[in-house]
Amino acid sequence: MIKVMSVFGTRPEAIKMAPVIKEIEKTSGMSSIVVVTGQHREMLDQVLDLFDLHADHNLDIMEKNQTLTTITTKILSRLDVVIDQEKPDFVLVHGDTTSTMAASLSAFYHQIPIAHVEAGLRTWDKYSPYPEEMNRQLTDRLSDIYFAPTTLSEENLLKEGIQSSKIAVTGNTVIDAMQYTIDKSYNHDVLSQIPSDHKIILLTMHRRENQGQPMANVFQAVNELTQLRPDVDVIYPVHLSPAVQTLAHDVFDNNSQVHLIDPLNVVDFHNLMSRSYFVMTDSGGVQEEAPSLNKPVLVLRDATERPEGVDAGTLKVIGTDKSVVLSNMLALLTDNVLYQKMAIAKNPYGDGKASQRIVSILQHYSD
Ligand code: UD1
Ligand code: UDP
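Residues numbered from 1 in each chain as written. Chains lettered and ligands numbered in written order. Predicted model: local features only at pLDDT ≥ 70, side-chain atom pairs only at ≥ 80, totals over all residues. Heavy atoms only, no water.

Undergrad: Help me understand the site of ligand 2 in this model?
TA: Every one of the 16 residues lining ligand 2 counts as a neighbour, but L264, S283, G284, G285 and E289 are closest to it. R11 places a side-chain nitrogen or oxygen 2.8 Å from an oxygen atom of ligand 2. A distance of 3.3 Å is found between an oxygen atom of ligand 2 and a side-chain nitrogen or oxygen belonging to H270. For ligand 2, whose free accessible area comes to 540 Å², the fraction covered by protein is 95%. Elements with a minimum of two residues in the shell around ligand 2: α1 (11-25), α11 (266-275) and α12 (285-289). Considering only residue class, the shell around ligand 2 consists of seven nonpolar, six polar and three charged. (Near = heavy atom within 4 Å. Polar contact = N/O pair within 3.5 Å; in protein donor to acceptor, adjacent residues only side chain to side chain. Areas by Shrake-Rupley, 256 points an atom, 1.4 Å probe, with all protein chains shown as cover. Helix = DSSP H or I, 4+ residues; strand = E, 2+ residues; numbered from the N terminus. Nonpolar A, V, L, I, M, F, W, Y, C, P; charged D, E, K, R; others polar.)

Undergrad: Please clarify how the site of ligand 1 should be interpreted in this entry.
TA: If you check the shell around ligand 1, you find 25 residues, and the closest are H40, E42, E63, E132 and R208. At 2.9 Å from an oxygen atom of ligand 1 is found a side-chain nitrogen or oxygen belonging to Q39. Between an oxygen atom of ligand 1 and a side-chain N or O atom of R207, the distance comes to 3.0 Å. Within the complex, 95% of the 750 Å² of free accessible area of ligand 1 lies under protein. Of all the secondary structure elements, the ones that give two or more residues to the shell around ligand 1 are α2 (42-50) and α3 (68-86).

Undergrad: For this particular structure, what's the right way to read the pairing of strand β10 (residues 258-261)?
TA: Two faces, one strand: in a regular strand the side chains alternate between the faces of the sheet. With four bridges connecting them, strand β9 (residues 232-237) and β10 associate as parallel partners. Looking across to β10, one finds that V234 is bridged to V258. Between the parallel elements β9 and β10, the chain passes through helix α10 (residues 242-252) in a crossover that is right-handed. (Pairing = 2+ DSSP bridges. Right-handed = clockwise from strand over helix to strand, strands pointing away.)

Undergrad: What is the right way to read the packing of helix α14 (residues 322-334) against helix α15 (residues 336-343) from this model?
TA: Each pair of packed helices can be summarised by the angle the axes make with each other and by the distance between the axes. Running from amino to carboxyl end, α14 crosses α15 at an angle of 95°, the nearest separation of the two axes being 6 Å. It follows from the interaxial angle that α14 and α15 lie roughly perpendicular. Contact residues: α14 offers A331, L332 and T334, while α15 offers N336, L338, Y339 and M342. Class assignment for the residues of the contact of α14 with α15 results in five nonpolar, two polar and no charged. (Axes fitted to C-alpha atoms, helices over the stretch in contact; angles between N-to-C directions. Parallel < 35°, antiparallel > 145°, perpendicular 65-115°, else oblique. Contact = heavy atoms within 4.5 Å.)

Undergrad: Even after reading the chapter, I still don't get the sheet that holds strand β12 (residues 297-299), so can you show me in this structure?
TA: The strand order across the open sheet formed by six strands is β10-β9-β8-β11-β12-β13, and the pairing between neighbours is parallel. Either end of the sheet is taken by a strand with one partner, and the two such strands are β10 and β13 (315-317). In this sheet, adjacent strand axes meet at a mean angle of 20° when their direction is disregarded. When strand β11 (residues 278-281) meets β12, the two strands line up parallel, connected through three bridges. Its bridge partner being in β12, M280 is matched across the sheet by L298. On top of the sheet, α14 reaches β8 (199-204), β9, β11, β12 and β13; it is set at about 165° to β11, its chief contact.

Undergrad: Whenever I open this one, the nonpolar core confuses me. Can you help?
TA: Across soluble globular proteins, nonpolar side chains have a tendency to be buried as a group. In terms of nonpolar packing, the biggest core is built from 34 residues, with F219, Y236, F278, M280, L300, V325 and M329 touching the most fellow members. Taken together, the elements giving at least two residues each to this core come down to β8, α9 (213-228), β9, α10, β11, α14 and α15. With seven residues, α9 is the single largest residue contributor to this core. Ignoring anything within four residues of it in the chain, the contact list for F278 reads I200, I201, L202, P296, L298, M329, L332, L333 and Y339. Counting residues in each nonpolar core, the second largest holds 30 residues, with V47, L48, A168 and L362 among its members. (Core = buried A, V, L, I, M, F, W, Y, C linked by side-chain atoms within 4.5 Å. Buried < 20%, exposed > 50% of the residue type's maximum accessible area, 1.4 Å probe, protein only.)

Put into structure tokens, the structure is as follows:
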């Protein structure tokens, strides 16, 4: 029996690991141990409930306004005990969070092979996104098996000297997850507050490097847009980070065209995305999902590790300067040719079978 221990802690990791864990559970000769670090609490529980995933161990580390150091040190000390107890054949991690990096380090200390889902994404800029770029580089240094979502991420790994025999190009598991979520007859309360002839912009913003002035610039641009365009409504499910919550409520509480709502479960989020006109985000995962739904995305960052979406034409990286953000929003609302060009781009992230490929490789790894 091959024992795979999946370790993750935040909302996006859970969404993208759920289809892999489901696949392990139904594969004979494999057993699944799920360890959640609890880096997120409510936002993680939403995903676990939705996909009916059960944690065998919860390290329960979250605290209000947590720091990178406390996340890392608590995971290292608490996961140590769990790995000793469970003695897995593999530790499976995802992406670029601090849970991912700390879990990989712990697995390395126990000399357990590490398999990295969504390996090889890079901006090559240490502080953008921060701390995720270094989290993924460090995780890739420590890993033994690399599940690269695209050939571009495979090339990044090859450039760093990773042997090609250790890399598999699988597609991104988020496309697998979307097969569980999209519902054409979907409705949500917030939609009944918006006239049907209005255009909806879906906004998310949470990254550490954007907190403070960059986020304030974008929010001001959104306020100016709604003054210019009474036919536009913005839906913003606000991340639970106190730094984000405070600023969003300060800037938007008096703007009836901006709907601040709680973080959505992923079914709601995907379906609201499919009902929106375009998306504005600094999220990683959202950049991968929007092309599947034919939605243009304005990326509120200086750099992206997802150039596939830029090359395909769906994503435009615009940063956080107020006038640049405003002019890009206006352009998408007024220039139909530009809009259509971004809306019809092809999804570069695979065919929804990434989880099957990943599990099959793990199953035959020691053959
Ligand atoms: C983390 C990841 C980031 C990922 C994001 C996904 C790191 C360093 N950052 O950032 O890569 O894009 O998750 O959303 O790994 N909080 C709650 N309840 C929750 C979740 C968060 O109250 O369910 C609050 C807590 O006060 C917490 C704060 O949000 O201290 C920040 O959470 P944290 O995980 O440190 O940072 P994120 O911005 O969520
Ligand atoms: N998402 C969600 N509810 C929301 C906002 C986003 O379920 O209110 C989903 C989204 O569909 C994507 C993932 O969360 O799958 C992205 O997570 P986030 O933006 O928090 O993190 P990142 O991808 O930037 O690491």
